[in-house]
Amino acid sequence: MSLSVLVADDSKLSRRSVIRSLPQDLEYDITEATNGQEAINSLSESEFGLILLDLTMPEVDGVGVLEFLHARPNMPNVIVISADFQPEKQKIVMSLGAKRFLRKPLDKEELAMALFELGYL
């Protein structure tokens, strides 16, 4: 069975980097969103087991996506991957239900450790 993953980042290069960084131990069904509104639309139409979310995106930012998710039952696991690592921003995203906050550029080992801690590996 594959893990349904939503990768939301406005940078195609960043999305590709995140996807390539996923451990090969699992099988993935990946959906990409180029901004927060696309992420919300995908979340309204499908269930995801994991969301890998950037914070700085057009239309709706990552915090807006987390606010949308926070209001719903059965919130999926969210790992925020962002270059905006201010302590106040980290507090906000964690209070909205994000499970981990990883810095860009993404370290494959940090992602693997976060997935292990969340029970995927």
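Numbering of residues begins from 1 in every chain and follows the order in which that chain's sequence is written. Thresholds applied to this predicted model are a pLDDT of at least 70 for local features of residues and 80 or more for the giving and counting of side-chain atom pairs; totals over whole chains, interfaces and linings are not thresholded and use all residues. Note that water and hydrogens are dropped before the side-chain values are worked out from all heavy atoms of the structure.

Visitor: What exactly am I supposed to notice about the packing of helix α2 (residues 36-45) against helix α3 (residues 62-70) here?
Guide: When two helices pack together, their arrangement is captured by the angle between the axes and the distance separating the axes. Axis definition: a line fitted to C-alpha atoms, over the contacting stretch in the case of helices. Angles run 0 to 180 degrees between N-to-C directions. Helix and strand assignments follow DSSP, with helices taken as H or I runs no shorter than four residues and strands as E runs no shorter than two, numbered in order from the N terminus. As a packed pair, α2 and α3 sit with axes 9 Å apart at the nearest point and diverge in direction by 20°. Comparing their axes, α3 and α2 come out roughly parallel. Between α2 and α3 lies a crossing whose hand is right-handed. In this structure, α2 uses Gly 36, Ala 39, Ile 40, Leu 43 and Ser 44 to contact α3, whose residues at the interface are Gly 64, Val 65, Phe 68 and Leu 69. When an angle is under 35 degrees it counts as roughly parallel; over 145 it counts as roughly antiparallel; between 65 and 115 it counts as roughly perpendicular; any other value is oblique. Two helices that cross are described as forming a left-handed crossing if the nearer one is turned anticlockwise from the farther one by less than a right angle, and a right-handed crossing if clockwise. Here, residues are in contact when the closest pair of their heavy atoms is within 4.5 Å.

Visitor: I would appreciate a short explanation of the UniProt feature "modified residue: 4-aspartylphosphate" (unreviewed entry) in the protein in the present structure.
Guide: Listed under "modified residue: 4-aspartylphosphate" (unreviewed entry) in the UniProt record, and renumbered for this structure, are Asp 54. Checked against the element boundaries, Asp 54 lands in the loop between β3 (50-53) and α3. Residue contacts for Asp 54: discarding those within four places in its chain leaves Ala 8, Asp 9, Asp 10, Gly 62, Ile 81, Ser 82 and Lys 104. UniProt positions are given in the numbering used here, feature names are shortened, and annotations may be inferred rather than shown by experiment.

Visitor: Please explain the environment of Asp 25 as it appears in this structure.
Guide: Here Asp 25 is to be found in the loop between α1 (12-21) and β2 (28-33). Under the relative-accessibility criterion, Asp 25 is labelled exposed at 66%. Between the C-alpha atoms of Asp 25 and Gly 49, which are 24 residues apart in sequence, the distance is 16 Å. When a residue's accessible area, from a 1.4 Å probe over protein chains only, is under 20% of the maximum for its type it is buried; when over 50% it is exposed; and in between it is partly exposed.

Visitor: Sorry, what's going on with the pattern of salt bridges here?
Guide: Side-chain pairs of opposite charge can arise whenever the charged atoms involved come near each other. Salt bridges are defined as contacts in which a side-chain nitrogen from Lys or Arg sits within 4 Å of a carboxyl oxygen from Asp or Glu. Taken as a whole and judged by the stated rule, the model has six salt bridges. Here Asp 9 makes a salt bridge to Lys 104, at a shortest N to O gap of 2.7 Å. In this pair, Asp 9 sits in the loop between β1 (3-8) and α1 while Lys 104 sits in the loop between β5 (100-103) and α5 (108-117), placing the two residues 95 residues apart along the sequence. Relative accessible area serves as the criterion here: at 4%, Asp 9 is assigned to the buried category. Lys 104 sits in the partly exposed class, given a relative accessible area of 25%.

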